[in-house]
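Summary of structural features
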Amino acid sequence: MADLVLVVNAGSSSIKLALYRVTSRGLSLEARGLAEGLGGRGPSRIRVLDGQQTTLLDEALTSAEHAPAIDRLLRWLDSRDGNDRLVTVGHRVVHGGPDRSEPVVLNPAVLNELALLEPLAPLHQMHNLAPPARLAETRPELLQVACFDTAFHRTQPPVAQQFALPRRYTAQGVLRYGFHGLSYQSIAAWLQRNRPELHTGHIVVAHLGNGASLCGMRAGRSLATSMGFTALDGLPMGTRCGSLDPGVVLYLMDNEGLGARELEDLLYRRSGLLGVSGISQDMRELLQSGEKAASEAVELYCYRAAREIASVATGIGGLDGLVFTAGIGENAAAVREQICRHLAWLGVDMDRSANAGNAQTISSDDSRVPVLVVATDEEAEIARQALALAAD
Ligand code: ADP
């Protein structure tokens, strides 16, 4: 008999799942799953594969709601052979608000508190909370834990969290929260285990996925980040604009008559790499495209990323190491190279063949700043956090 930890990461149209076995050497991945086509964007399907990519479950879902997908997964878990015991479910929840700096055991009161944060993360929070709400109904005995994307950044000093707005907005929680914290915690833990001399230094981590942000950290504590009140700020992303002069928003309201929902659609879903290239939000496609607009979008992405890296490094008082992670950070050598070229003045010098091979260290021996490529594992981080609370 083994103890199991389930990780649930629910977005607007999909739920990512991971199942871990608790062993004497830590957590071992048992299976990964994906329910997709949810939220009315069907066709809906759920698939679960084991570590060897063998299919364990693959079927169409009759409903495009989140709750039935979770129900189906639990029925599958129950139907497995053996006496394995699900000890906890860890949920990714984007926003923990100003007070949550640690994961928390979910109960009806906490679920209600987190639902109140929806205005701070309108595209994520309610989807994140749908599976735990369903499980609270159908499996009230199950220990459920919320792990927050904002929590890691609660250690930022006040000056890094404040906007230059009248104080009453700061007091009511209009702050630079920062996101992707679970990814940054996963990288911080990796640095502590594998590169302890860097772990204690001034490190900037670039999480470059569909969403993208930076975190400046020291000794596993976040001190600055490029994202702000929402996950729109900072770097340009697949479809999000990143930092934007708020005057542009006023201009679009006044001169094009755009309302809040239209602006939301423009800034979250039609900007970034997609908006600039007019071709795709997908970095791999843009790098393969021969179109001028594609290379211009990549150029802007890298230029802005480099500027923001220097800004975050200033925020933490130095740059002793730079880490690339997530889909683009881990795989797109051409993007890393362009970004590092802009940072040559800071003493960043790349080893081009190590970079082309996605090596762990991609800086040259002469580089003043070591540059690393490290795979992030947000699901494993959630499992670790949930299990730690379950063991308490
Ligand atoms: P998410 O934020 O959805 O988890 P990922 O971290 O998987 O996203 O990152 C997705 C991005 O990574 C996409 O832009 C994709 O094109 C890019 N990507 C993945 N593999 C490669 C590759 N080999 N070369 C270039 N870009 C890649």
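Just above, that's the structure.
Chains are numbered independently. Their residues run from 1 in the order of the written sequence. In keeping with the model being predicted, local features are shown solely for residues with a pLDDT of at least 70 and side-chain atom pairs are shown and tallied solely at 80 or more, while totals for entire chains, interfaces and linings include all residues. Excluding hydrogens and water, the side-chain figures rest on all heavy atoms present in the structure.

This next bit is on the sheet that holds strand β7 (residues 104–105). Within the open sheet, the eight strands sit side by side as β5-β4-β3-β2-β1-β6-β8-β7. Their pairing is mixed. Of all strands in the sheet, those with a lone pairing partner are β5 (55–60) and β7, marking the two edges. Two strands pair under a simple rule: DSSP has to find at least two bridges between them. A run of H or I in DSSP counts as a helix once it spans at least four residues, and a run of E counts as a strand once it spans at least two, with each numbered from the N terminus. The pairing of strand β6 (residues 85–93) with strand β8 (residues 144–148) spans five bridges and is classified as parallel. The residue bridging Val-89 from the neighbouring strand is Gln-144, located in β8. Note on contacts: a residue pair qualifies if any of its non-hydrogen atoms lie within 4.5 Å across the two residues. Structural elements are reduced to axes, namely lines fitted to C-alpha atoms, with helices fitted over the stretch in contact, and the angle between N-to-C directions of any two is expressed from 0 to 180 degrees. Along the sheet, helix α3 (residues 125–138) contacts β1 (3–10), β2 (14–23), β6 and β8; its crossing angle with β6, the most-contacted strand, is approximately 160 degrees.

This part takes up the environment of Leu-343. Its location among the elements puts Leu-343 in the loop between α14 (333–342) and α15 (352–356). Taking the C-alpha atoms as reference, Leu-343 lies 41 Å from Leu-6; in sequence the two are 337 residues apart. Those residues within four positions of Leu-343 in sequence are excluded, and the remaining contacts are Ala-306, Ile-309, Leu-322 and Val-348.

Salt-bridge detection follows one rule: a side-chain nitrogen of Lys or Arg within 4 Å of a carboxyl oxygen of Asp or Glu. Inspection of every chain in the model, using the stated rule, returns 26 salt bridges. Between Arg-134 and Asp-71 there is a salt bridge whose closest N-O contact spans 2.6 Å. With Arg-134 in helix α3 and Asp-71 in helix α1 (residues 66–79), this pair connects stretches of sequence that are 63 residues apart. Under the relative-accessibility criterion, Arg-134 is labelled partly exposed at 24%. Residues Arg-176 and Asp-233 are paired through a salt bridge, measuring 3.1 Å at the closest nitrogen-oxygen approach. Residue burial is assigned from relative accessible area. The probe radius is 1.4 Å, only protein chains are included, and a residue is buried under 20% of its type maximum, exposed over 50%, and partly exposed in between.

Attention now moves to the site of the ligand. Asn-210, Asp-282, Met-283, Arg-284 and Gly-327 are the nearest of the 13 residues found near the ligand. The term polar contact refers here to a pair of N or O atoms within 3.5 Å; inside protein, the definition further demands a hydrogen-donor-capable atom paired with an acceptor-capable atom, and it admits residues adjacent in sequence only when both atoms are side-chain atoms. Backbone polar atom of Arg-284 to an oxygen atom of the ligand: 3.0 Å apart, as the coordinates give it. Measuring from an oxygen atom of the ligand, one finds a backbone N or O atom of Gly-327 at 2.9 Å. For the ligand, whose free accessible area comes to 590 Å², the fraction covered by protein is 72%. Those elements that place two or more of their residues in the shell around the ligand are α11 (283–288) and α13 (326–331). Any residue with a heavy atom lying within 4 Å of a molecule or strand is counted as near it. Accessibility throughout is a Shrake-Rupley quantity obtained with a 1.4 Å probe, and a residue counts as covered only by protein chains that appear here.

Further remarks concern the nonpolar core. For the purposes of this section, nonpolar cores are sets of buried Ala, Val, Leu, Ile, Met, Phe, Trp, Tyr and Cys residues that join through side-chain atoms within 4.5 Å. With 43 residues, the main nonpolar core has Val-204, Leu-208, Tyr-301, Leu-322, Phe-324, Val-335 and Ile-339 as its most contacted residues. Of all the secondary-structure elements, those providing two or more residues to this core are β9 (203–208), β10 (212–218), α11, α12 (292–316), β12 (321–325), α14 and β13 (371–373). Of all the elements, α12 adds the most residues to this core, at eleven residues. Residues Ile-15, Ala-35, Leu-38 and Leu-73 belong to the second largest nonpolar core, which totals 23 residues.

Attention shifts here to the pairing of β5. Direction of pairing for strand β4 (residues 45–50) relative to β5: antiparallel, over a ladder of five bridges. Each residue of the ladder has a partner; that of Arg-45, found in β5, is Ala-60.

Moving on, we get to the packing of α12 against α14. The geometry of a pair of packed helices is captured by two quantities: the angle between their axes and the separation between those axes. Orientation of α12 relative to α14, taken along the N-to-C sense of each, is 50 degrees, at an axis distance of 8 Å. Judged by the inter-axis angle, α12 sits oblique to α14. When you trace α12 past α14, the crossing you get is right-handed. Taken together, the residues of α14 that come into contact with α12 (itself represented by Val-298, Glu-299, Tyr-301, Cys-302, Tyr-303, Ala-305, Ala-306 and Ile-309) are Val-335, Gln-338, Ile-339 and His-342. Geometric relationships in this document are graded by angle, where less than 35 degrees denotes roughly parallel, more than 145 denotes roughly antiparallel, 65 to 115 denotes roughly perpendicular, and other angles denote oblique. Two helices that cross are described as forming a left-handed crossing if the nearer one is turned anticlockwise from the farther one by less than a right angle, and a right-handed crossing if clockwise.

Below, the discussion takes up the packing of aromatic side chains. When the centres of two rings from Phe, Tyr and Trp lie within 6.5 Å, Trp using its six-membered ring, the rings pair. Their planes under 30 degrees apart give stacked, over 60 give edge-to-face, and anything left gives tilted. Summed over the entire model, instances satisfying the criterion amount to one aromatic pair. Between Tyr-177 and Phe-229, the ring centres sit 6.3 Å apart and the planes meet at 35 degrees, which makes this aromatic pair tilted. Within this pair, whereas Tyr-177 is found in the loop between α5 (167–171) and α6 (181–194), its partner Phe-229 is found in the loop between β11 (221–225) and α8 (246–256), the two being separated by 52 residues in sequence. Assessed through its relative accessible area of 24%, Phe-229 is described here as partly exposed.

The next thing to look at is the sheet that holds β11. With mixed pairing, five strands are arranged side by side in an open sheet as β11-β10-β9-β12-β13. Whereas interior strands pair on both sides, the edge strands pair on one side only; in this sheet they are β11 and β13. The average angle at which neighbouring strand axes cross in this sheet is 25 degrees, direction not considered. Where β9 meets β12, five bridges bridge the pair, whose relative direction is parallel. Note on β12: the bridge partner recorded for Ala-206 is Phe-324. Relative to the sheet, α12 contacts β9, β10, β11 and β12, its axis offset from that of β10 by approximately 25 degrees.

So yeah, pure geometry; function would need other evidence.
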